[in-house]
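If you want the building blocks of each chain, they are given just below.
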Amino acid sequence: MAQASARHILVSTEDKANELKAAIEAGAEFAQVAKENSSCPSSRQGGELGTFGRGQMVPEFDQVVFSAPVGVVQGPVKTQFGYHLVEVTDRQD
């Protein structure tokens, strides 16, 4: 079964997600940006979500995690929780 590890940043607006993505692409550290901005409890671990299987996350999130290249920040990804920036850190297909 496919497994992935990912980290994310959850914010309430698409504009904020785009602003944070630009900061990360300009060199800001993902974990630090997560700690300072993410509304998810995972922010305390720099956005780390650990390892999970297909179907364990909401569909929009799942689709990105199991298709995006490893190590490339994706998003914003809209879910019922808000807007996510997602980075797949490892994946076993």
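The sections below set out a description of the structure shown in this document. All figures in this text were calculated on a predicted structure; none of them were measured in a lab.

So, how was this worked out
Residues numbered from 1 in each chain as written. Predicted model: local features only at pLDDT ≥ 70, side-chain atom pairs only at ≥ 80, totals over all residues. Heavy atoms only, no water. Phe/Tyr/Trp six-rings, centres within 6.5 Å; stacked < 30°, edge-to-face > 60°. Helix = DSSP H or I, 4+ residues; strand = E, 2+ residues; numbered from the N terminus. Expected span 1.5 Å × (residues − 1). Buried < 20%, exposed > 50% of the residue type's maximum accessible area, 1.4 Å probe, protein only. Arc of directions from axis to C-beta. Contact = heavy atoms within 4.5 Å. Salt bridge = Lys/Arg side-chain N within 4 Å of Asp/Glu carboxyl O. Pairing = 2+ DSSP bridges.

1. Side note on the packing of aromatic side chains
1) Next: In this structure the tally under the stated criterion is one aromatic pair.
2) Next: Taken together, a centroid distance of 6.3 Å and an interplanar angle of 85° make the contact between F52 and F66 edge-to-face. Here F52 is found in strand 2 (residues 48-53), whereas its partner F66 is found in the loop between helix 3 (59-65) and strand 3 (73-79), with 14 residues between them in sequence.

2. Brief notes about helix 1 (residues 14-25)
1) Next: Relative to the 16 Å expected for 12 residues at 1.5 Å per residue, helix 1 spans 16 Å between its end C-alpha atoms, a close match to the ideal helical length.
2) Next: Taken together, the buried positions of helix 1 are A17, L20, K21 and I24. One face of helix 1 carries all of its buried residues, which in axial projection span an arc of 105°.
3) Next: Contacts from the buried residues of helix 1 go to strand 1 (3-11), helix 2 (30-37), strand 3 and strand 4 (82-92).
4) Next: Immediately downstream of helix 1, the backbone of G27 shows phi near 120°, a positive value.

3. Quick look at the pattern of salt bridges
A side chain with one charge may pair with a side chain of the opposite charge, provided their charged atoms come close.
1) Next: In total, this model carries four salt bridges according to the counting rule given.
2) Next: E19 is the salt-bridge partner of K16, the closest N and O atoms lying 3.3 Å from each other. Taken together, the residues K16 and E19, both in helix 1 and three residues apart, mark about one turn of the helix.
3) Next: Among the residues examined, E19 registers a relative accessible area of 49% and is labelled partly exposed.

4. Notes on the pairing of strand 3
1) Next: Pairing of strand 3 with strand 4 involves five bridges; the strand directions are antiparallel. Bridge pairing in strand 4 links T79 to G82.
2) Next: Where strand 3 folds back onto strand 4 in an antiparallel hairpin, the turn is made up of two residues.

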